[in-house]
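Next come the chains, spelled out residue by residue.
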Amino acid sequence: MEASNGNQEQPVLLVLRALKLGDLLVAVPALRALRRAYPDHRLLYAAQGWLAGALELVGGYELLPTHGLDVPIPIEPGRVDVAVNLHGSGPESDDRLAEIKPRTIVGHHADGRPGPVWIKDIHERERWTRLLQWHGIEAEPADYRLLPPAVPSPCPGATVLHVGAAYGSRLWPAERFGEVARTLAADGHNVVFTGSTAERPRALDVARLSGLGENHVLAGTLGLTEFVAAVAEARLVVSADTGAAHLASAYSRPSVVLFGPAPVEVWGPPPGPHVVLTDAQARRGDTFAATPDPALLAVSVADVLTAVRGLPLS
C-alpha cells in the first residue's frame, strides 16, 4: 500500500478488528476516540470487505480488506506508524500485527508489551475504550452513534423483524417469529423481514407462517447500505443479538433484542428504548452450536409482544 500527503508520506494508523458487523458497531466509541487522537494520520480499518458501507458511517476510516486472522494483513511491513489491536488479546492477532512491523502497537498486556490486563466480563464498548484510556487516549463508551445513512430507507416507518443470525444458537424459532409478525401486523405495524441472501428462505418461511406475503420479505434484496437505512428509519426492530440490534442502538430505534449464547452484560444494548429478553440461568453459551441456546428458547411470543407494547413507538 502507498499513501502520500503532498510531498510527504502521511503516517498510517491501522485498527485490526477483522470480525462482523456487530463487532464493528460496538467498537465505534474506540474508533471515534482514535480519530480524535490522531487527526493527521491516515486511518485504516482491517476487516472483511463487505463492511465498507457500514464503516463509512463511522467517518474518517478506509477499509483495508482483511479476511480474518487466517490471512496476513495486506500492507507493506514498516508502513504503519500505530497499530491498534481491537480484535482480541491472543497470540493470533498479536502475531498478525507484529508481521507488519508497526512502530507502535496499542493493545492489551502481552509478553514484552505494556497494556491493561484483559477482563472477561466487561461490555465490549467499555473494553475497547478502557484499552485506549490506559494508553492515555481519551475515550467515551457512550460515543456510539453513527452518521446518517447515505441512502433513504426502502421501508420508512416499518417494523423490522430480522429473523436470521450467523449461527443456529441465535435462531429463535421461525414459528414464534411468525406469530409475532402476525400479531404486530394485526395491530397496525407494517412488518418487513430482513436478513442476508442465505437467510432469505428462512425469512420467506416466517412470512408464510405469519400470513404475510412475499412482498414483505426484504431479506436478500438489500445491500448493506440499504439495510442500515431500513433500520435507521424503522418504527421498531425485533432481532437476535446481531448487527441489526446494534444498528437499532446506534440510531436510537426502539428494539426488542433476543439473547441466547452471548451474555447481555458484554453485548447488550445501551440505555434507551431497548428491551433485552433472555434467561441467563438457562444459557448454554455455545456460540457455534447448531441449535438455539436454551436462554433464547426460554423467550416466548408473549414475552416479545409484552416488551413491544411497553416501548415508546411513534
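Above: the structure in question.
Reading guide: rules and limits
- Residues numbered from 1 in each chain as written.
- Predicted model: local features only at pLDDT ≥ 70, side-chain atom pairs only at ≥ 80, totals over all residues.
- Heavy atoms only, no water.
- Pairing = 2+ DSSP bridges.
- Helix = DSSP H or I, 4+ residues; strand = E, 2+ residues; numbered from the N terminus.
- Axes fitted to C-alpha atoms, helices over the stretch in contact; angles between N-to-C directions.
- Contact = heavy atoms within 4.5 Å.
- Buried < 20%, exposed > 50% of the residue type's maximum accessible area, 1.4 Å probe, protein only.
- Right-handed = clockwise from strand over helix to strand, strands pointing away.
- Salt bridge = Lys/Arg side-chain N within 4 Å of Asp/Glu carboxyl O.
- Polar contact = N/O pair within 3.5 Å; in protein donor to acceptor, adjacent residues only side chain to side chain.
- Left-handed = near helix turned anticlockwise from the far one by under 90°.
- Nonpolar A, V, L, I, M, F, W, Y, C, P; charged D, E, K, R; others polar.
- Core = buried A, V, L, I, M, F, W, Y, C linked by side-chain atoms within 4.5 Å.

Peer 1: Looking at this structure, how should I read the sheet that holds strand E3 (residues 61–65)?
Peer 2: Within a sheet, neighbouring strands are paired by backbone hydrogen bonds and run either parallel or antiparallel to one another. The 5 strands lie next to each other as E3-E2-E1-E4-E5, forming an open sheet whose pairing is parallel. With partners counted over all chains shown, the strands left at the sheet margins are E3 and strand E5 (104–106), one partner each. Shown here is a sheet whose adjacent strand axes are inclined to one another by a mean of 25 degrees, direction ignored. Pairing of strand E2 (residues 42–47) with E3, which is carried by 5 bridges, proceeds in the parallel orientation. Residue pairing in the sheet places tyrosine 45 in a bridge with leucine 63 of E3. Contacts from helix H4 (residues 91–99) reach strand E1 (12–16), strand E4 (82–85) and E5 within the one sheet, and its direction differs from that of E4 by about 170 degrees.

Peer 1: Whenever I open this one, the sheet that holds strand E7 (residues 191–194) confuses me. Can you help?
Peer 2: Taken in spatial order, the 5 strands of this open sheet run E7-E6-E8-E9-E10, and their pairing is parallel. Looking at strand neighbours, the two that pair on one side only are E7 and strand E10 (274–277), the edges of this open sheet. Geometrically, the sheet is characterised by an average inter-axis angle of 15 degrees between neighbouring strands, direction not taken into account. Examined bridge by bridge, strand E8 (residues 236–240) and strand E9 (residues 255–258) share 4 bridges and lie parallel to one another. Directly across from valine 237, in E9, lies its bridge partner serine 255.

Peer 1: Whenever I open this one, the pairing of E9 confuses me. Can you help?
Peer 2: Side-chain direction in a regular strand flips from residue to residue, so the side chains alternate between the two faces of the sheet. What you see with E9 is no split at all: Ser255 and Val257 on one side and Val256 and Leu258 on the other are buried throughout. Crossover connection from E8 via helix H9 (residues 243–250) to parallel E9: handedness right-handed.

Peer 1: Looking at this structure, how should I read the pattern of salt bridges?
Peer 2: Where side chains of opposite charge bring their charged atoms close, a pairing between them can arise. With the rule as written, the count across this model stands at 14 salt bridges. One salt bridge connects arginine 32 with aspartate 143, and the closest N-O pair in it is separated by 3.7 Å. Of this pair, arginine 32 sits in helix H2 (residues 28–37) while aspartate 143 sits in the loop between helix H5 (124–134) and strand E6 (159–162); the two residues are 111 residues apart in sequence, bridging distant segments of the chain. A relative accessible area of 10% places arginine 32 in the buried class. Take aspartate 143: its relative accessible area is 21%, and that puts it in the partly exposed class. For arginine 200, the salt bridge is made with glutamate 214, and the minimal N-O distance between the two is 3.2 Å. Taken as a pair, arginine 200 in helix H7 (residues 200–210) and glutamate 214 in the loop between H7 and helix H8 (224–232) lie far apart in primary sequence, 14 residues in all. Here the salt bridges share partners, and the residues they tie into one network are Arg17, Asp23, Glu124 and Arg127.

Peer 1: Sorry, what's going on with the environment of arginine 284 here?
Peer 2: Within the secondary structure, arginine 284 is located in the loop between E10 and helix H11 (294–297). Exposure remark for arginine 284: the relative accessible area of 42% places this residue in the partly exposed category. As a C-alpha pair, arginine 284 and glycine 260 span 24 residues in sequence and 8.1 Å in three-dimensional space. Aside from chain neighbours lying at most four places away, what touches arginine 284 is Ala289, Thr291, Pro292, Asp293 and Pro294. Here the side chain of arginine 284 touches threonine 291 through a polar contact of 3.0 Å, landing on its backbone oxygen. One polar contact links the side chain of arginine 284 to the main-chain carbonyl oxygen of proline 292, over a distance of 3.5 Å.

Peer 1: Sorry if this is basic, but what is going on with unusual backbone geometry here?
Peer 2: Across residues other than glycine, the phi torsion is negative in most instances, and most of the peptide bonds are trans. The phi dihedral of lysine 101 is positive, around 50 degrees, even though this residue is not glycine. Tracing the chain through its elements places lysine 101 in the loop between H4 and E5. Among the residues examined, lysine 101 registers a relative accessible area of 56% and is labelled exposed. A positive phi is found at serine 252, a non-glycine position, where the angle reads about 55 degrees. Tracing the chain through its elements places serine 252 in the loop between H9 and E9.

Peer 1: Would you take a moment to explain the packing of helix H6 (residues 174–186) against helix H12 (residues 301–309) for this structure?
Peer 2: Packed helix pairs are specified by the crossing angle of their axes together with the interaxial distance, meaning the distance between the axes. At a closest axis distance of 9 Å, the pairing of H6 and H12 adopts a crossing angle of 35 degrees. The interaxial crossing formed by H6 with H12 has right-handed handedness. For the pair H6 and H12, the contacting residues are Arg176, Glu179, Val180, Thr183 and Leu184 in the first and Val301, Val304, Leu305, Val308 and Arg309 in the second. For the contact of H6 with H12, the per-class residue count stands at 6 nonpolar, 1 polar and 3 charged.

Peer 1: Would you take a moment to explain the nonpolar core for this structure?
Peer 2: Inside soluble globular proteins, nonpolar side chains tend to come together where they are buried. Residues Val15, Tyr61, Val84, Leu86, Leu132, Leu146 and Leu247 are the most contacted members of the largest nonpolar core, which totals 49 residues. For this core, the leading source of residues is H8, giving 6 residues. Apart from residues no more than four positions distant in its own chain, leucine 86 is found in contact with Val15, Leu16, Arg17, Ala27, Ala30, Leu31, Trp128 and Leu131. The next biggest cluster of nonpolar side chains, apart from the first, holds 29 residues, and it includes Val163, Ala174, Leu277 and Val308.

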